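Architecture at a glance
Okay, here's what each chain looks like letter by letter:
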Amino acid sequence: MNTASVLAVCRVQQLLPDPLGSVGVTAIDKRPIEGPVKVHKLGIHGDVQASRLHHGGEDQAIYAYSQEDADYWSGELQRDLPAGIFGENLRVSGIETTGAVIGERWKVGLDVELEVTSPRTPCATFQRVLGEPTWVKRFSEAGRVGTYLRVVKTGSISAGDHVHRTFIPKHGITVGQWFSDPTPELVQTLLDAEADGEIRLQEDYRPEFEKVLRRSGL
């Protein structure tokens, strides 16, 4: 399968005050770290999930963003966007993040295995920290949202590690498709894929799935 690479592994540098946020601080200030780092079920060793109400937990243990999408935003914003500025744990190249299929698996380095779970939904904290007043709207409309990942197999990773896609589900629905157009047909396809044992859906998305299906009368 295709081979890509990790350009940077990032974790929280410091908790920043965020008085308008849900817990008063944010862990979005991620910076690249040197050398191998342990990956646990809740993500990168030493990282912090300040609020697990809207993100975090095992289903969103790691957030990955592609260099290709970062380059797009560098052009749009006319500024440098170094690894970590999107709050990502992994800056990767040569592999789709928004275009990743829900449930696909990545082997990173020698032993870490990750599973694509869901898109990143931009929040007001992200907008405030980045300093772009219409950022939530722009980021959402562009659809270059990156992906959250579940840790299937723990181990160590570092910048320079290869990333191999080891499994791609047959349903074919990508993170970006779910984020941009959560149709009843798309939801049903994902639920069917889970029922067939092909994927395991993120638990806290089930209420949203049910809401989409109710609106359609299914």
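Residues numbered from 1 in each chain as written. Predicted model: local features only at pLDDT ≥ 70, side-chain atom pairs only at ≥ 80, totals over all residues. Heavy atoms only, no water.

The name given to the protein in an unreviewed UniProt entry is MOSC domain-containing protein YiiM, with the source organism recorded as Paenarthrobacter nicotinovorans.

This paragraph deals with the pattern of salt bridges. Applying the stated rule across the entire model yields 15 salt bridges. With a closest N to O distance of 3.6 Å, glutamate 113 and arginine 105 form a salt bridge. We classify arginine 105 as partly exposed; its relative accessible area is 27%. A salt bridge links glutamate 208 to lysine 211, with the shortest nitrogen-to-oxygen separation between them at 3.4 Å. Of the two residues, glutamate 208 and lysine 211 both sit in helix H6 (residues 206-216), three residues apart, roughly one turn of that helix. One salt-bridge network, held together by shared partners, links Asp59, Arg105, Glu113, Glu115 and Arg150. (Salt bridge = Lys/Arg side-chain N within 4 Å of Asp/Glu carboxyl O. Buried < 20%, exposed > 50% of the residue type's maximum accessible area, 1.4 Å probe, protein only. Helix = DSSP H or I, 4+ residues; strand = E, 2+ residues; numbered from the N terminus.)

Attention now goes to the packing of helix H5 (residues 184-195) against H6. Between H5 and H6, the least distance of the axes is 9 Å, while the angle of their chain directions is 130 degrees. When the axes of H5 and H6 are compared, the pair comes out oblique. At the point where H5 passes H6, the crossing takes the left-handed sense. Residue-level contacts link Pro184, Val187, Gln188, Leu190, Leu191 and Glu194 of H5 to Arg206, Phe209, Val212, Leu213 and Ser216 of H6. (Axes fitted to C-alpha atoms, helices over the stretch in contact; angles between N-to-C directions. Parallel < 35°, antiparallel > 145°, perpendicular 65-115°, else oblique. Left-handed = near helix turned anticlockwise from the far one by under 90°. Contact = heavy atoms within 4.5 Å.)

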